[in-house]
Amino acid sequence: MRIPYLSSMQVALRRILILGAVSGLGLFFYTQTDSFQQQVRERVVQVLEQATGARITLQGFHASIWDRQMVLHGVTVRGRGVVGGEKTLPFFQADSVLVQMRLSTLFIAEKELSRLRIEKPRIAVVFDAKGRSNVPQPSDVRDPRRSPLDPLFNLAIRRLEVVDGLWIWNDQSTKIDFNAESATASMAYEPARDRYTGTVSIRSAALTDSDTSHSSRSSHSSHLSWTSRARFFLDRRALEVTEAAFESGHTLLQAQGTLRYFRTPVLQAGFQVAMDVADAGTLFHQSALREGRLTAKGSLRFDRSKGGLHVNGDARLERATLSTFHDLGAAATFEATADNILFKPFQCEALGGSAEGQVRISDLGRTPHYSIAGHVTGLSYARLAEAIETL
């Protein structure tokens, strides 16, 4: 029997394949060991602490290079040197954080995640009597190979999921629960000015709203294809938003503003809105809002020491359909507080006629009361009766 002849190249190739298989098998078993998990855990915590200046603790950690993901359990982020120490609320807590990376992220310096899921996050910003906060500050010690202008992070996320979250600002809290696609965020620290500068952008999202009325308890998912972006500066005394925009279909909201004195906030902002009435009906679950266009511009100020919220501006409604009322048009100058809205002067065109005067809506948030003063001309009672009959 003749033994097949193997060339030296074939022998070398076989040895390389065997060596590769043994190495891959050994690497697989090594990544399952506690030693590997501990090394990756320490490295992740070190990188995050250097970037943020925070002290980070984890109750559990698991990384899998085969699934290209890391799972962090019991995450707590605290600022170093915060007054009150462990008694102060941590800046960030979460039951679990799942980070799923793209394959290219493992081999090149590309900071893009395919998925980031955060379960039960709690973000708390609190202040002491001197106005000092629990927000972590980056360390002055930087990598000498990096420019001072390099960002703290520059991250893109294909899918972002926040589940059962809570945002706390001193004694005020707000629930956050949403899914977002194509989110990007960047933040840099400017030591010379002792401030952060950052940008945030999200292409689309689904927000979950909870209906906790007396008659029912249900949740609705409102999904609109929308984009949003914001640019801001943040220092110890103020948050300045130089650009904020929200776009969805034919709806555009733009705003600029400054938030000062974080312990006793004072907010000053300007806004411009061009809204599609049907988009508003979808977002707020109001089927009566069917078509039309609302435009408004004005300014907003919030100062608790001077009566709280004050909003004023001008608004116009064009060719709107509200329930069974068609071709509505209105224009008004408005002033608003947290409790009431005054439209004065108010002009409206509807049902073949027109109205002028003023409209006041009071007791907002409870049982609203409406008061109207003015005069009506040219109203078609036949069209009014027809609209009422079809309600």
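Residues numbered from 1 in each chain as written. Predicted model: local features only at pLDDT ≥ 70, side-chain atom pairs only at ≥ 80, totals over all residues. Heavy atoms only, no water.

## Notes on the overall build of the chain
Along the backbone of the chain there are 5 helices and 20 strands. Counting every position in the chain, which comprises 391 residues, the buried fraction comes to 30%. Across the chain, contacts joining residues at least 24 apart in sequence account for 44% of those joining residues at least 6 apart. Per element, the accessible surface of the chain, about 25200 Å² overall, is 57% carbon and sulfur. (Helix = DSSP H or I, 4+ residues; strand = E, 2+ residues; numbered from the N terminus. Buried < 20%, exposed > 50% of the residue type's maximum accessible area, 1.4 Å probe, protein only. Contact = heavy atoms within 4.5 Å. Areas by Shrake-Rupley, 256 points an atom, 1.4 Å probe, with all protein chains shown as cover.)

## Some points on the layout of surface pockets
It is a probe the size of a water molecule, rolled over the atoms, that shows where empty space is left. The space that makes up the second largest pocket amounts to roughly 1600 Å³. Looking at the second largest pocket, it is lined by 50 residues, and the ones nearest its centre are Leu317, Leu322, Phe343, Phe346 and Ile361. Of all the elements in the fold, those that place two or more residues in the lining of the second largest pocket are strand S14 (266–276), helix H4 (277–283), strand S15 (289–303), strand S16 (308–322), strand S17 (325–336), strand S18 (341–350), strand S19 (353–362) and strand S20 (369–377). For the lining of the second largest pocket, the class distribution of residues is 37 nonpolar, 9 polar and 4 charged. (1 Å grid on protein atoms, 1.4 Å probe; cavity = no way out; pocket = protein on both sides within 12 Å on 5 of 7 lines; lining within 4 Å. Points joined across faces, edges and corners; volume = space filled by probe spheres on them. Nonpolar A, V, L, I, M, F, W, Y, C, P; charged D, E, K, R; others polar.)

## Some remarks on the environment of valine 200
You can see valine 200 is positioned in strand S9 (residues 195–211). Setting aside residues no more than four positions away along its own chain, valine 200 makes contact with Thr184, Ser228, Arg229, Ala230 and Phe232.

## Considerations on the confidence of the model for the chain
Looking at the chain, the pLDDT average stands at 79 and 75% of residues meet or exceed 70. Across residues 210–221, where pLDDT falls below 50, the model places 16 contacts with residues more than four positions away in sequence or in other chains. (pLDDT = per-residue confidence, 0-100.)

## Notes on the nonpolar core
The nonpolar side chains of a soluble globular protein tend to be buried with one another. In terms of nonpolar packing, the biggest core is built from 26 residues, with Leu58, Phe61, Met70, Leu72, Val75, Val97 and Leu116 touching the most fellow members. Looking at this core, the elements that each hand over two or more residues are helix H2 (34–52), strand S1 (54–57), strand S2 (60–64), strand S3 (69–79), strand S4 (92–101), strand S5 (112–119), strand S7 (153–169) and strand S8 (172–190). Here the element with the most residues in this core is S4; it accounts for 5 residues. Residues contacting phenylalanine 61, with those up to four places away along its chain left out, are Gln37, Val40, Arg41, Val44, Met70, Val71 and Leu72. One finds Ala315, Phe343, Phe346 and Ile361 within the second-largest nonpolar core, a separate group that totals 20 residues. (Core = buried A, V, L, I, M, F, W, Y, C linked by side-chain atoms within 4.5 Å.)

## Points about H2
Taking 1.5 Å per residue, 19 residues should reach 27 Å; H2 reaches 27 Å between its end C-alpha atoms and fits that length. Phe36, Gln37, Val44, Val45 and Glu49 are the residues of H2 that are buried. Taken from the residues just after H2, glycine 53 is the one with a positive phi, measuring 75 degrees. (Expected span 1.5 Å × (residues − 1).)

## Observations regarding the pairing of S19
When S18 meets S19, the two strands line up antiparallel, connected through 8 bridges. Within the sheet, the bridge partner assigned to glutamate 349 lies in S19 and is serine 354. Once S18 ends, the chain turns through 2 residues before running back antiparallel as S19, passing leucine 351 with a positive phi of about 55 degrees. Inspection of the sheet shows S19 paired to S20 by 9 bridges, in the antiparallel sense. Within the sheet, the bridge partner assigned to glutamate 356 lies in S20 and is histidine 375. (Pairing = 2+ DSSP bridges.)

## A word on the pattern of salt bridges
Close approach of charged atoms allows side chains with opposite charge to pair. In the structure shown here, the tally under the stated rule is 10 salt bridges. Arginine 117 is the salt-bridge partner of glutamate 161, the closest N and O atoms lying 2.5 Å from each other. You can see glutamate 161 sitting in strand S7 and its partner arginine 117 sitting in strand S5, a full 44 residues away along the chain. For the salt bridge of arginine 159 with glutamate 161, the shortest nitrogen-to-oxygen distance reads 2.9 Å. (Salt bridge = Lys/Arg side-chain N within 4 Å of Asp/Glu carboxyl O.)

## A look at the environment of serine 204
By secondary structure assignment, the location of serine 204 is in strand S9. Exposure remark for serine 204: the relative accessible area of 8% places this residue in the buried category. Along the backbone, serine 204 and serine 182 are 22 residues apart, and their C-alpha atoms lie at a distance of 7.3 Å.

## Remarks on the packing of aromatic side chains
Within this structure, the stated rule accounts for 3 aromatic pairs. Here the aromatic residues Phe334, Phe343 and Phe346 are joined through ring pairs into a cluster of three or more. (Phe/Tyr/Trp six-rings, centres within 6.5 Å; stacked < 30°, edge-to-face > 60°.)

## Examining unusual backbone geometry
Residues lysine 344 and proline 345 are joined by a peptide bond in cis, for which omega reads -5 degrees. Assignment of secondary structure puts proline 345 in strand S18. Residue aspartate 194 is not a glycine yet carries a positive backbone phi of 50 degrees. Looking at where aspartate 194 falls in the secondary structure, it is placed in the loop between S8 and S9. Assessed through its relative accessible area of 25%, aspartate 194 is described here as partly exposed. Positive phi, normally seen in glycine, also occurs at arginine 319, with a value near 45 degrees. Relative to the assigned elements, arginine 319 resides in strand S16. Overall, arginine 319 belongs to the exposed group, its relative accessible area being 64%.

## Some remarks on the side chain of asparagine 134
By the element assignment, asparagine 134 lies in the loop between strand S6 (122–125) and S7. For asparagine 134, a relative accessible area of 2% translates into the label buried. A polar contact of 2.9 Å, which involves the side chain of asparagine 134, links it to the backbone oxygen of leucine 89. A distance of 3.1 Å separates the side chain of asparagine 134 from the backbone nitrogen of valine 126, its partner in a polar contact. (Polar contact = N/O pair within 3.5 Å; in protein donor to acceptor, adjacent residues only side chain to side chain.)

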